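Below, each chain spelled out in residue letters.
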Amino acid sequence: MLCFLNRRQLLADLDPYPVAQARELLKQNKIEQLYRMKRGDDRLAYRTSYMAPSTIQRGRGGSQPRSYVHLLYVRRADYKKARALLTQEGIL
C-alpha cells in the first residue's frame, strides 16, 4: 500500500496524456503507483485563454477555464527504476 511516507512524486503535468502513458507503462512493469489530480493555478489557465473572446474572459457570459495538475507517485524503493523506465521511453 502506498502512503504519504513511502512515496515520491515521479511526474507532474498539466497535460493528462503523458501521465496516462506513464501509468500504462508502470502498470505493464508491475510498479505500484498512485495517481492524483488537483486543481492548479487558475491564473495560468486565465493567461492561456487570454486570446479567447472577451465574453468568456473575466467571467462575463462564460466560465473561466480551470487548470488541473496531474500527479503520479511511486514507492521510494521503485523511484529509480520507474524514472529510468520513463526516461528510456521518452516520457520524462
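The residue count restarts for each chain, going from 1 along the sequence in the order it is written. Restriction of local features to residues with pLDDT of at least 70 applies here, the model being predicted, together with a cutoff of 80 or more for giving and counting side-chain atom pairs; totals for whole chains, interfaces and linings are based on all residues. Calculated side-chain values reflect all of the structure's heavy atoms, with hydrogen atoms and water omitted.

Caption draft 1: Looking closely at helix 1 (residues 16-28). Its 13 residues place the ends of helix 1 18 Å apart at the C-alpha level, agreeing with the 18 Å of an ideal helix rising 1.5 Å per residue. Relative accessibility thresholds used throughout: buried, under 20% of the residue-type maximum; exposed, over 50%; partly exposed, between the two (1.4 Å probe, protein chains only). Going along the chain from the N terminus, every DSSP run of H or I of four or more residues is numbered as a helix, and every run of E of two or more is numbered as a strand. By the burial criterion, the buried members of helix 1 are Pro18, Val19, Ala22, Leu25 and Leu26. Across the axial projection of helix 1, the buried residues extend over an arc of 125 degrees, all falling on one side. Of the residues in helix 1, the exposed ones pointing more than 90 degrees away from the buried face are Tyr17, Lys27 and Gln28. On the buried face of helix 1, the contacting elements are strand 1 (7-13), strand 2 (33-39), strand 3 (68-75) and helix 3 (79-89). A helix's residues, less one, multiplied by 1.5 Å, set its expected span. In this context, the arc is that of the directions from the helix axis out to the C-beta atoms. Should any heavy atoms of two residues lie within 4.5 Å, those residues are considered in contact.

Caption draft 2: Looking closely at the packing of helix 1 against helix 3. Two elements in contact, helix 1 and helix 3, have axes separated by 11 Å at closest approach and are oriented at 120 degrees. Viewed along their axes, helix 1 and helix 3 adopt a mutual orientation that is oblique. As helix 1 packs across helix 3, the resulting crossing turns out to be right-handed. Touching Ala22, Leu25 and Leu26 of helix 1 are Ala82, Leu85, Leu86 and Glu89, all from helix 3. Residues of the contact of helix 1 with helix 3, tallied by class, amount to six nonpolar, no polar and one charged. Note on geometry: axes are lines fitted to C-alpha atoms, helical ones only across the stretch in contact, with angles between N-to-C directions running from 0 to 180 degrees. Any angle that falls under 35 degrees is termed roughly parallel, while one over 145 is termed roughly antiparallel, one within 65 to 115 roughly perpendicular, and all others oblique. Note on convention: the crossing is left-handed when the near helix lies turned anticlockwise from the far helix by less than a right angle, right-handed when the turn is clockwise. Only Asp, Glu, Lys and Arg are considered charged in this grouping, and only Ala, Val, Leu, Ile, Met, Phe, Trp, Tyr, Cys and Pro are considered nonpolar; every other residue, Gly among them, is considered polar.

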